[in-house]
Amino acid sequence: MPRFAANLSMMYTEHPFLDRFAAASADGFEAVEYLFPYAYEAAELRRRLDDHGLRQVLFNAPPGDWDSGERGLAALTGREAEARSGIDRALEYAAALGCAQVHTMAGLMGPDATPAEADRHRDTYLANLTWAAGRAAAVGVDILVEPINRRDMPGYFLTRQAEAHAVVQEVGAPNLKVQLDLYHCQIVEGDLTTTLRRDVPTGRVGHLQIAGVPDRHEPDESELNIRHLFDVIDELGFDGWIGCEYHPRAGTSEGLGWLNDYRGVQA
């Protein structure tokens, strides 16, 4: 049966961040993810996890200056030292939180980037991911890459599943994997059932995420047949976590009918 993690950056925003762990646990979640932990001491986050019986399953490496619009560093030529320092910081948090996966965001290309500039970005990306995977392997952590749609994040370097899998295969590190967000994938290329059946059995998919399309609310009230997709994931024997990375329409707990119904059917 698929396992679900609450994304505390988007869910339970009715509560201060540190109180969201308790709220997620109260709704039956056994794991959490979020964008970034760095505003808080790792020991405090670990205490919240332990107090509420939760596992930390994912967070992102430092993305550069998020408030100024940066969305990752891994593919940015000239920012290698900062990107690698961020990986080291993320791995320190991963060790403290018992988190086995870290997503490193690629970053944005300018709208007028030439093919030669795109190639340089890709070379930088491959070099940084090779370095990051080696660093993470020493402490038992997987590095994840995620294709993100350019409607929500204009200029993002990595957008398609095939591109992500090509990068993972080219680097060739067993702990470099793809984060398959079905929301982003549906917007960019669709064909989710075929994508799952093609990519999950390769072992290169480390984490899944869901949200409704097109508005990124609860996954059941959208163009996706979410129950069918869960059945496909179950059929494939995916043993990772599914992150619930969506903005609730009107109250997180009140909007969990889709999950409670699914749990009831599987019980």
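The structure under discussion appears in the preceding block.
Residues numbered from 1 in each chain as written. Predicted model: local features only at pLDDT ≥ 70, side-chain atom pairs only at ≥ 80, totals over all residues. Heavy atoms only, no water.

A. Structural view of the overall build of the protein chain. Scanning the protein chain from terminus to terminus reveals nine helices and eight strands. At 18 Å, the protein chain has a C-alpha radius of gyration in line with the 18 Å of a compact globule built from 267 residues. Along the longest, intermediate and shortest principal axes, the C-alpha atoms of the protein chain span 50 × 40 × 35 Å. Burial analysis of the protein chain (267 residues in total) assigns 52% to the buried set. Taking all contacts inside the protein chain whose residues are at least 6 apart in sequence as the whole, residues at least 24 apart take part in 77%. (Helix = DSSP H or I, 4+ residues; strand = E, 2+ residues; numbered from the N terminus. Rg over C-alpha atoms; globule rule 2.2 N^0.38 Å. Buried < 20%, exposed > 50% of the residue type's maximum accessible area, 1.4 Å probe, protein only. Contact = heavy atoms within 4.5 Å.)

B. Main features of helix H3 (residues 80-97). Taking 1.5 Å per residue as the helical rise, H3 with its 18 residues ought to reach 26 Å, and the 26 Å between its terminal C-alpha atoms agrees with that figure. Buried residues of H3: Ala 83, Gly 86, Ile 87, Ala 90, Leu 91, Tyr 93, Ala 94 and Leu 97, and no others. Looking down the long axis of H3, one finds its buried residues gathered within 165 degrees of arc, a one-sided arrangement. In this structure, H3 carries Ala 81, Glu 92 and Ala 95 as exposed residues pointing more than 90 degrees from its buried face. Contact partners of the buried residues in H3: helix H2 (42-51), strand S3 (55-60), strand S4 (101-103), helix H4 (115-137) and strand S5 (142-145). Phi for Gly 98, located one or two positions after H3, is positive at around 65 degrees. (Expected span 1.5 Å × (residues − 1). Arc of directions from axis to C-beta.)

C. How the structure looks around the sheet that holds strand S1 (residues 3-7). The strand order S1-S2-S3-S4-S5-S6-S7-S8 describes a closed barrel built from eight strands, whose pairing is parallel. Shown here is a sheet whose adjacent strand axes are inclined to one another by a mean of 30 degrees, direction ignored. Note that S1 and strand S2 (residues 31-33) share three bridges and pair parallel. In the sheet register, Asn 7 faces S2, and the bridge partner there is Glu 33. The sheet contacts of helix H8 (residues 226-236) involve S1, strand S7 (205-210) and strand S8 (241-244), and relative to S7 the element is tilted by about 165 degrees. (Pairing = 2+ DSSP bridges. Axes fitted to C-alpha atoms, helices over the stretch in contact; angles between N-to-C directions.)

D. Quick peek at the packing of aromatic side chains. Scanning the entire structure with this criterion turns up 14 aromatic pairs. Summarising the aromatic geometry, the rings of Tyr 246 and Trp 258 are spaced 6.1 Å apart at their centres and angled 70 degrees between planes, so their arrangement reads as edge-to-face. Of this pair, Tyr 246 sits in the loop between S8 and helix H9 (257-266) while Trp 258 sits in helix H9, placing them 12 residues apart in sequence. Connected via pairs of aromatic rings, a cluster forms that spans Phe 4, Phe 230, Tyr 246, Trp 258 and Tyr 262. (Phe/Tyr/Trp six-rings, centres within 6.5 Å; stacked < 30°, edge-to-face > 60°.)

E. Highlighting the packing of H3 against H4. At their nearest, the axes of H3 and H4 sit 10 Å apart, and the two run at 25 degrees to each other. When the axes of H3 and H4 are compared, the pair comes out roughly parallel. Like other packed secondary-structure pairs, H3 and H4 cross with a definite hand, here right-handed. For the pair H3 and H4, the contacting residues are Glu 80, Ala 83, Arg 84, Ile 87, Asp 88 and Leu 91 in the first and Thr 124, Ala 127, Asn 128, Trp 131, Ala 132, Arg 135 and Ala 136 in the second. A class-by-class count of the residues in the contact of H3 with H4 yields seven nonpolar, two polar and four charged. (Parallel < 35°, antiparallel > 145°, perpendicular 65-115°, else oblique. Left-handed = near helix turned anticlockwise from the far one by under 90°. Nonpolar A, V, L, I, M, F, W, Y, C, P; charged D, E, K, R; others polar.)

F. Focus on the nonpolar core. Membership of the largest hydrophobic core comes to 80 residues, with the highest contact counts inside it found for Phe 4, Phe 21, Phe 29, Phe 59 and Tyr 125. Here Tyr 125 is in contact with Ala 74, Ala 75, Ala 106, Val 145, Phe 157, Leu 158 and Val 167, once residues within four sequence places are set aside. (Core = buried A, V, L, I, M, F, W, Y, C linked by side-chain atoms within 4.5 Å.)

G. Geometry of the packing of H4 against helix H5 (residues 161-171). Two elements in contact, H4 and H5, have axes whose closest approach is 10 Å; the angle formed by their N-to-C orientations is 55 degrees. One way to sum up the angle between H4 and H5 is to call them oblique. Crossing hand, H4 versus H5: right-handed. Along the contact surface, H4 presents Arg 122, Tyr 125, Leu 126, Leu 129 and Thr 130, while H5 presents Ala 166, Val 167, Glu 170 and Val 171. Classifying every residue of the contact of H4 with H5 by side-chain character gives six nonpolar, one polar and two charged.

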